[in-house]
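Architecture and fold: a report
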Amino acid sequence: MSKYAPFCEKQAEYIKRCYQNWLNVAEGGKRAGKNVINLIAWADTVENHPDRLHLAGGVSVASAKLNIIDSNGYGLKNWFKGRCRSGKYEEREALYVYTLSGQEKIVLISGGGKEGDEKYIKGNSYGTAYITEANECAKSFIKEVFDRTISSADRWIGLDLNPKPSLHWFYKEVLDVHQQNALKYPDYGLNYEHFTLYDNLSLDTETLRKIIRTYDKNSIWFKRDIEGLRISAEGAVYDMFNQEEHVITDENLKKEIWEKGRLWYISNDYGTGTVFVLGLFCIYKGKKYLVKSFYWDAKAEMKQKTDNEYSKDLKDLLESIKPRRVQAIIIPDDALSFIAECRKQRIGPIRVYKRDPGTVIKGIRTQANTLSKREYFILDDPSNWPIIEEYSSYVWDPKAQERGEDAPLKQNDHGKDMERYFHDSVSQIYKVGSKPAGF
C-alpha cells in the first residue's frame with residue numbers, strides 16, 4: 001500500500017468524526033486533501049461494513065474512477081491492494097474488493113452529471129456511498145444517492161465539494177437542510193468541514209508558492225480554488241484581459257513567431273447559419289499566441305457556407321505555415337459533418353473536443369489563468385480583431401447566477417469558444433504539476 005502524507009489536525013479530526021456520523025461533507029479549495037481523507041474513512045468503513053453493495057460516484061464514470069478508485073495511486077485500489085479486481089455488476093462498472101475477514105464487497109461505479117443518470121443506480125440498496133464533486137452532479141442523481149442508502153445496515157455517505165456560487169441548488173436544497181437539522185438535533189449525524197490547500201501537508205512551502213503564483217489573487221478562481229470560498233461570478237468573464245498588454249503590436253516579435261514558431265495548432269468553433277471561426281495558434285518560448293483567425297458570420301455576410309467551403313478556408317490557414325505542420329486541428333464534437341468532410345479530404349490530424357459537463361467552466365478557468373499569468377497573447381492582425389472585440393461583451397449570465405450556476409451569457413461567444421477549446425485541449429496534452437504523493 002502506498003504511504004499517505006501526514007494529516008493536519010483539522011484533517012485528522014474530520015476522519016475521526018467520519019466514524020461517528022452518517023453524512024460526511026468535505027468542502028473547500030483545490031489540492032486541499034478532501035478526496036484522500038474521505039477515501040480513507042470510506043475504505044475502512046467498507047472494509048468493516050455488514051452490507052455487500054456500495055456506491056462510488058462522480059460527474060462521470062471516468063471521473064469516479066479517477067478520483068475514487070485510482071486517485072493517483074491513493075484510491076480504493078490502494079487500500080485493497082492485492083485484494084480487489086475490476087469487473088461488472090449488472091452490466092455496470094464495478095470494483096470487487098475482499099475484506100481481511102474474507103468477505104466480498106461490490107463497489108458499483110456510476111456517473112451522475114446529467115439528469116437521468118440516476119437510473120443507473122436505481123433498483124439497488126447501498127450500504128455506503130462516496131460521491132466526488134457532488135455539487136457538480138445532477139440534482140436527481142444526488143437525491144437518488146440519499147434514497148438508495150436509507151435501508152443500509154449502517155448508513156454512511158461521503159461527499160466532497162468544490163466551491164460554487166452561494167445560491168447553488170446543492171447548498172439550498174441539500175447542505176443547508178442537513179446543517180439546519182444538525183442544529184436542531186445534536187445527534188443528527190452531520191460531519192462538515194472546510195479545507196484549503198494550506199491544510200495539505202504534502203505540499204511544501206515552495207510548491208505552495210508555485211501554485212499560488214499561477215493565479216490572479218483578485219480573480220474568482222483564486223478565491224474559489226485557493227481560499228475555497230463560495231464566490232459568484234459577475235461582469236466580464238475575462239476581466240483580466242488588457243488590450244494594451246495582451247495584444248502584440250511589436251512587428252519584430254510578430255515576424256519572429258511567424259518565422260521561428262514550431263508548435264502550431266488550429267482550433268474551431270463550428271456554425272453553419274451563425275458564426276464559423278478558425279484560430280491559428282502557436283506555442284513559442286513557453287507562451288501561447290493566437291496568430292491569425294478566420295471569422296465568418298453567415299448572417300452578417302448574408303451567405304451560408306458549406307462544409308466543403310469551410311474546408312478550403314481551413315486549408316488556407318494550413319498553407320500559411322508550410323512547410324511546417326499543425327500538431328492538431330481541434331474541432332468540437334457537434335461539428336460532425338465538418339469532421340467528416342475534413343477526414344474525407346484527409347485534412348488532419350483532427351482532435352475532437354468533447355464538450356462534456358463542466359468543460360465550459362474548466363476551459364474558462366484555464367484560459368483565465370493563462371491571461372492572468374501573461375502566458376497568452378493575440379497578435380494585432382485584422383483577422384483577429386473580431387476575437388479581440390468579443391472580450392468586452394463576453395460576460396457572466398446574471399440569470400444563471402440567480403440559480404447559483406456559473407455560465408457565460410450566450411452572445412458574442414464564438415471566438416471565445418474557439419479559444420477555450422484550444423486552451424483546454426492543450427492543457428490536457430501538456431499536463432504539468434502532478435499531485436504530490438498522498439494527495
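Scope of this entry: the structure provided in the associated data block. Computed from a predicted model, the values in this text were never measured in an experiment. (Residues numbered from 1 in each chain as written. Predicted model: local features only at pLDDT ≥ 70, side-chain atom pairs only at ≥ 80, totals over all residues. Heavy atoms only, no water.)

1. Examining the overall build of the protein chain
Note the following rule: Numbering goes from the N terminus for both helices and strands, where a helix is a DSSP run of H or I of at least four residues and a strand is a run of E of at least two. Only the C-alpha atoms count toward the radius of gyration. The rule for a globule is 2.2 Å times the residue count to the power 0.38. We call a residue buried when its accessible area falls under 20% of the maximum for its residue type, exposed when it is over 50%, and partly exposed in between, using a 1.4 Å probe and counting protein chains only. The contact rule is simple, with two residues in contact once any of their heavy atoms fall within 4.5 Å. Computed with a 1.4 Å probe, the accessible areas rest on the Shrake-Rupley method; for each residue, only the protein chains presented here act as cover. In this charge count, Lys and Arg are treated as positive and Asp and Glu as negative; neither His nor the chain ends contribute. To locate a charge, the coordinates of NZ of Lys, CZ of Arg, CG of Asp or CD of Glu are taken.
Of regular secondary structure, the protein chain possesses 17 helices and 15 strands. On C-alpha atoms alone, the protein chain measures out to a radius of gyration of 24 Å, which is about the 22 Å that the 2.2 N^0.38 rule sets for 439 residues. Structurally, the protein chain occupies a C-alpha span of about 70 × 45 × 40 Å along its principal axes. Put simply, the protein chain has 439 residues, and 54% of those count as buried. For the protein chain, the proportion of contacts with a sequence separation of at least 24, taken over those separated by at least 6, is 68%. Carbon together with sulfur atoms contributes 49% to the accessible area of the protein chain, which is approximately 20200 Å² in total. If you average the places of the 66 positive and of the 63 negative side-chain charges in the protein chain, the two averages end up 5 Å apart.

2. Quick word on the nonpolar core
In a soluble, globular protein the nonpolar side chains are often hidden away together inside. This is how it is decided: Grouping buried Ala, Val, Leu, Ile, Met, Phe, Trp, Tyr and Cys residues that are joined through side-chain atoms within 4.5 Å yields what is termed a nonpolar core.
Counting residues in hydrophobic clusters, the biggest one holds 40 residues, and the most contacted among them are Trp221, Tyr238, Phe241, Ile364 and Trp396. For this core, the secondary-structure elements that each account for two or more residues are α7 (205-213), α8 (220-226), β11 (275-284), β13 (326-332), α14 (359-372), β15 (376-379), α15 (385-390) and α17 (414-429). Discounting chain neighbours no more than four positions away, the residues touching tryptophan 221 are Tyr215, Ile226, Ile361, Ile364, Arg365, Ala368 and Trp396. In this structure, Ile106, Cys137, Phe141 and Val174 belong to the second largest nonpolar core, which totals 31 residues.

3. As for the environment of tryptophan 42
The condition is simple: For this analysis, a polar contact is any N or O atom pair within 3.5 Å, provided that within protein one partner can donate a hydrogen and the other can accept it, and provided that sequence-adjacent residues contribute only side-chain to side-chain pairs.
Its location among the elements puts tryptophan 42 in helix α2 (residues 34-47). Using a relative accessible area of 0% as the deciding quantity, one classes tryptophan 42 as buried. Considering only alpha carbons, one finds tryptophan 42 and lysine 16, 26 residues apart in sequence, at a separation of 11 Å. Setting aside anything within four residues of it in sequence, one finds tryptophan 42 in contact with His54, Leu55, Ala56, Ile68, Leu76, Val107, Thr128, Ala129, Tyr130 and Trp156. Within polar-contact distance, the side chain of tryptophan 42 engages the side chain of threonine 128 at 2.8 Å.

4. Re the pairing of β13
Worth spelling out the cut-off: Each pair of strands is called paired provided DSSP finds at least two bridges between the two strands. Throughout, right-handed denotes a crossover for which the path from the first strand over the helix to the second runs clockwise when the strands point away from the viewer.
Burial within β13 is extensive, with six of its seven residues counted as buried. Relative to β13, strand β10 (residues 263-269) runs parallel, the two being bridged by four bridges. Opposite tyrosine 265, over in β13, you have alanine 328 as the bridge partner. With four bridges joining them, β13 and strand β14 (residues 350-353) adopt parallel strand pairing. Counted as the bridge partner of isoleucine 330 is arginine 351 from β14. Crossover β13 to β14 through helix α13 (residues 336-344) is right-handed.

5. Quick notes on the environment of arginine 351
Mapped onto the fold, arginine 351 is located in strand β14. Residue class for arginine 351 comes out partly exposed when judged on its relative accessible area of 30%. Other than its neighbours up to four places away in sequence, arginine 351 contacts Ala328, Ile329, Ile330, Ile331, Ser425, Gln428 and Ile429.

6. Some details on the pairing of strand β4 (residues 92-98)
As defined by bridge partners, strand β3 (residues 84-89) adjoins β4 across six bridges and the pair is classed as antiparallel. Its bridge partner being in β4, arginine 85 is matched across the sheet by tyrosine 96. A loop of two residues connects β3 with β4, the two strands running antiparallel in sequence, and glutamate 90 in this loop sits at a positive phi of about 50°. The turn linking β4 back onto strand β5 (residues 104-111) is made up of five residues, and glycine 102 within it adopts a positive phi angle of 95°.

7. Quick look at the pattern of salt bridges
What counts, and what does not: One side-chain nitrogen of Lys or Arg within 4 Å of one carboxyl oxygen of Asp or Glu is enough to make a salt bridge.
For the coordinates displayed, the defined rule picks out 35 salt bridges. Across the pair lysine 362 and aspartate 424 runs a salt bridge, and its minimum N-O distance is 2.6 Å. Residue lysine 362 is located in helix α14, and its partner aspartate 424 is located in helix α17; the two are separated by 62 residues in the primary sequence. Judged by its relative accessible area of 0%, aspartate 424 is buried.

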